[in-house]
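# Geometric and topological summary
One letter stands for each residue in the lines below.
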Amino acid sequence: MPRRRIGFWYRFAAVLCKPWLVVLIKRDWRGMEHIPADGGFITAVNHNSHVDPFAYAHFQYNSGRVPRFLAKSGLFKEGFVGAAMRGTGQIPVYRESTDALSAFRAAIDAVERGECVAFYPEGTLTRDPDGWPMTAKTGAARVALQTKCPVIPVAQWGANELLPPYAKKPNLLPRKTHHVLAGPPVDLARFYGREMTPELLKEATEVIMAAVTAQLEEIRGEKAPEMPYDPRRERIEQRRRTRAQTGAVSGAEARVESGAETAAEIDGTAFGRAQTSHAKTSHEGENSK
């Protein structure tokens, strides 16, 4: 299947971005031999910096197979941004679709045309405190199982040192190194021909992310956590902690209020006794006169 031509817009973007990338970061790129020379395929890439889409695109561009990233369909509609998104062949995701497979129909079409579609399976910057890949969404697995195309796991590290996640200012000095390691295709054959249930997609996604994480372990020379960071689980735990704290505060307030009421009752009783005693004394005094 022939490759799609790079085209004017992609070359224009490369002319704008590559000089800056060459100046700002050094390169340690490995595994480019695993990028298929022909035919459609998916790359599954970890995401740890707002800079890494540009740095990773540089790696992929130099491989001769330019990546088509997924983006919200609304970005493709009007103006310069829309023209650039369409011209560079980026992939719209129709999130308003009620059918999960239809939401990725443009990505499926692109793979079947022989394109490279780059997925950030995590869907956003990792929230893992140490920068490891977190649990992922199932879009990449869904497209891979629908098309039976190769899935290349790619790990990257270094752009996050230039611009850490959620940071506003880059750390320009000393000059950072962008490490990229692409691995051999992930074996998903055991999932082919089966109904795409949520459980199946979750399992296939975990296999893909395990391959990406293994590549990152090699880059970093250390082991990832046994369980990937799960934002959903963290939100549940946070709500549980908040409820527990709220319950503890409410219990403390209730005890304080109960104590205040008891004190008031004691004061009231004492006041009543004092009043009775005073009245008795006054009465005895009047009788003695």
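Residues numbered from 1 in each chain as written. Predicted model: local features only at pLDDT ≥ 70, side-chain atom pairs only at ≥ 80, totals over all residues. Heavy atoms only, no water.

## Here we look at the overall build of the chain
- Counting secondary structure elements, the chain contains 9 helices and 7 strands.
- Residue burial in the chain is summarised as follows: out of 289 residues, 40% are buried.
- Long-range contacts, defined here as pairs at least 24 residues apart, represent 73% of the contacts in the chain between residues at least 6 apart.
- Counting every atom, the chain has about 16700 Å² of accessible surface; 56% of that belongs to carbon and sulfur. (Helix = DSSP H or I, 4+ residues; strand = E, 2+ residues; numbered from the N terminus. Buried < 20%, exposed > 50% of the residue type's maximum accessible area, 1.4 Å probe, protein only. Contact = heavy atoms within 4.5 Å. Areas by Shrake-Rupley, 256 points an atom, 1.4 Å probe, with all protein chains shown as cover.)

## Quick word on the pairing of strand β3 (residues 67–72)
- Bridge count for β3 against strand β5 (residues 116–119) is 3 bridges, and the pairing is parallel. Residue Pro67 lies in a different strand from β5, and its bridge partner there is Cys116.
- When β3 meets strand β4 (residues 91–93), the two strands line up parallel, connected through 3 bridges. Counted as the bridge partner of Leu70 is Ile91 from β4.
- The handedness of the β3 to β4 crossover, carried by helix α3 (residues 79–87), is right-handed. (Pairing = 2+ DSSP bridges. Right-handed = clockwise from strand over helix to strand, strands pointing away.)

## Looking at helix α8 (residues 198–220)
- Taking 1.5 Å per residue as the helical rise, α8 with its 23 residues ought to reach 33 Å, and the 32 Å between its terminal C-alpha atoms agrees with that figure.
- Of the residues one or two after α8, Gly221 is the one with positive phi, at around 70°. (Expected span 1.5 Å × (residues − 1).)

## Thoughts on the environment of Val154
- Looking at the secondary structure, you find Val154 in strand β6 (residues 151–157).
- Measuring from C-alpha to C-alpha, the distance between Val154 and Ala118 comes to 9.8 Å, with 36 residues separating the pair along the chain.
- Dropping the residues within four chain positions of it, Val154 is found in contact with Thr43, Ala44, Val45, Asn46, Tyr56, Val180, Leu181, Ala182 and Val212.

## Details of the packing of aromatic side chains
- Counted under the stated rule, the structure contains 10 aromatic pairs.
- Seen in terms of ring centroids, Phe8 and Phe12 are 5.8 Å apart; in terms of plane orientation they differ by 15°. Their pairing is stacked. Of this pair, Phe8 and Phe12 both sit in helix α1 (residues 7–24), separated by 4 residues, roughly a single helical turn.
- Taken together, the aromatic side chains of Trp29, Tyr56, Phe59, Phe69 and Tyr120 make up a single cluster linked through ring pairs.
- Here the guanidinium or amino end of Lys148 rests over the ring plane of Tyr192, the centre of that ring lying 5.4 Å away.
- One Lys or Arg, Arg220, reaches over the ring of Trp157 and ends 4.1 Å from the middle of that ring. (Phe/Tyr/Trp six-rings, centres within 6.5 Å; stacked < 30°, edge-to-face > 60°. Lys NZ or Arg CZ within 6 Å of the ring centre and 35° of its normal.)

## Overview of the pattern of salt bridges
- Taken as a whole and judged by the stated rule, the model has 9 salt bridges.
- The shortest N-O distance in the salt bridge between Glu234 and Arg241 comes to 3.1 Å.
- On the basis of relative accessibility, which here comes to 35%, the residue Arg241 falls in the partly exposed class.
- Connected through salt bridges with shared partners, the residues Asp28, Arg30 and Glu218 form a single ionic network. (Salt bridge = Lys/Arg side-chain N within 4 Å of Asp/Glu carboxyl O.)

## Quick notes on the pairing of β6
- For β6, the buried fraction is high: 7 of the 7 residues fall into the buried class.
- Taking every second residue as pointing to the same face, both faces of β6 are buried, with Val151, Pro153, Ala155 and Trp157 on one and Ile152, Val154 and Gln156 on the other.
- Judged from the 4 bridges that link them, strand β2 (residues 41–45) and β6 form a sheet pairing that is parallel. Counted as the bridge partner of Ala44 is Pro153 from β6.
- In this sheet, strand β7 (residues 176–182) lies alongside β6 in antiparallel orientation, the contact comprising 4 bridges. Its bridge partner being in β7, Gln156 is matched across the sheet by Val180.

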